[in-house]
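Architecture at a glance
Spelled out from the first residue to the last, the chains are:
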Amino acid sequence: MAVDPFTLAVLAALGLAIGFVGGLVGLVLGVVRFPLIFGAEASASVAAGTNIGISALGALAAAIRHMRQNNLHRRVFVVMAVTGAAGAFIGSRFTHVVPAQGLLLLVGAIVSYEAFSLIKSLGQKSAENPRPNLALESAIGLGVGFLGGLVGLVLGSIRLPAMINALKMEPRVAVGTNLAASAAMGAAGLIGHILNGEVDYEVLGVMGATAMAGGFIGAKYTGRFGERTLKLMIGLVLVAVAAVMFWRALYS
């Protein structure tokens, strides 16, 4: 379905804004972007495929900048990317078995808890050199990937706070690592949607370009905030994400 020029311009502007916030706090915010794209599409599956492609592009641009700023834990990224992709593949096989509304409510509840835990820990400093914990890293990657495969999202909103709270990673490093893992998972999901013919390339090109610009610019400012402030910002964005999840579950 062709999208009119005015709608494309609005989507481009929103893509830039959402990308900027996402690059700053380490979230692709696909759950916020999806209803905007869905309003311009005739098919939910095409909106989902286009959205995950935009998420992958925005996350990739932001992750590149974070990597240049040394905000990327390479080993954790590899573990999260591999186990996340495996979990997403398994989860995608059960998408039609589990009710979508129940899944969205579950994700909203998890994100709400993670946001509460993150804000509650504002006075605690992260470990400077957290010990490697391959089992926990793999469990987080696999679990988030599986749940993401079920609902069709990369779910960085669960992975990021888990990196900070459970793995004790420094927030700015968790931000860059989460974006890199989200880019890898998003790319895998995009390939699947392309093979199924579920992508609007016009919207993907326009909104993807502005999402990349916004993510790249937003990533520049992550290091300008202290750990406490960055945690608070991430927590508040997670509250908004949880609210959107609940809204989608109740009214979609």
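Basis of the calculations
- Residues numbered from 1 in each chain as written.
- Predicted model: local features only at pLDDT ≥ 70, side-chain atom pairs only at ≥ 80, totals over all residues.
- Heavy atoms only, no water.
- Helix = DSSP H or I, 4+ residues; strand = E, 2+ residues; numbered from the N terminus.
- Rg over C-alpha atoms; globule rule 2.2 N^0.38 Å.
- Contact = heavy atoms within 4.5 Å.
- Areas by Shrake-Rupley, 256 points an atom, 1.4 Å probe, with all protein chains shown as cover.
- Lys, Arg positive; Asp, Glu negative; His and termini not counted.
- Charge placed at Lys NZ, Arg CZ, Asp CG, Glu CD.
- Salt bridge = Lys/Arg side-chain N within 4 Å of Asp/Glu carboxyl O.
- Buried < 20%, exposed > 50% of the residue type's maximum accessible area, 1.4 Å probe, protein only.
- UniProt positions renumbered as here; feature names shortened; annotations may be inferred.

Some details on the overall build of the protein
- Helix and strand counts for the protein come out as 10 helices and 0 strands.
- Along the protein, helices (α) and strands (β) appear in the sequence α-α-α-α-α-α-α-α-α-α when read from the amino end.
- Taken over C-alpha atoms, the radius of gyration comes to 17 Å for the protein, in line with the 18 Å a tight globule of 252 residues would show.
- Principal axes of the C-alpha set define a box for the protein whose edges measure 50 × 40 × 30 Å.
- Taking contacts inside the protein between residues at least 6 apart in sequence as the whole, the part at least 24 apart equals 85%.
- Summed over its atoms, the accessible surface of the protein is roughly 11300 Å², and 69% of this surface lies on carbon and sulfur atoms.
- One finds the centroid of the 17 positive side-chain charges in the protein at a distance of 12 Å from the centroid of its 10 negative side-chain charges.

Side note on the pattern of salt bridges
- A complete count under the given rule lists 3 salt bridges for this structure.
- A salt bridge links Arg75 to Glu137, with the shortest nitrogen-to-oxygen separation between them at 2.7 Å. You can see Arg75 sitting in helix H4 (residues 74-92) and its partner Glu137 sitting in helix H6 (residues 134-151), a full 62 residues away along the chain.
- Under the relative-accessibility criterion, Glu137 is labelled buried at 2%.
- Here Arg172 ties to Glu170 by a salt bridge, and the two come within 3.0 Å at their closest N and O atoms.
- When its relative accessible area of 27% is taken as the criterion, Arg172 is described as partly exposed.

Overview of the environment of Leu29
- Along the chain, Leu29 falls in the loop between helix H1 (5-25) and helix H2 (30-38).
- Sequence-wise, Leu29 and Leu142 are 113 residues apart; in three dimensions their C-alpha atoms are separated by 20 Å.

Here we look at the UniProt feature "transmembrane region" (unreviewed entry) in the protein
- Per the UniProt entry, the sites bearing "transmembrane region" (unreviewed entry) are residues 6-32, 44-64, 76-95, 139-161, 173-195, 201-218 and 230-250 in this numbering.
- A distance of 30 Å separates the end C-alpha atoms of residues 44-64, which is 100% helix and 0% strand.
- Helix makes up 100% of residues 230-250 and strand 0%, and the two end C-alpha atoms of the span are 30 Å apart.

Considerations on helix H7 (residues 156-165)
- Counted residue by residue, H7 has 10 buried out of 10 residues, so it is predominantly covered.
- Those residues of H7 not exposed but buried are Gly156, Ser157, Ile158, Arg159, Leu160, Pro161, Ala162, Met163, Ile164 and Asn165.
- Those residues of H7 that are buried lie in contact with H1, H4, helix H5 (100-120), H6, helix H8 (171-195) and helix H10 (227-251).

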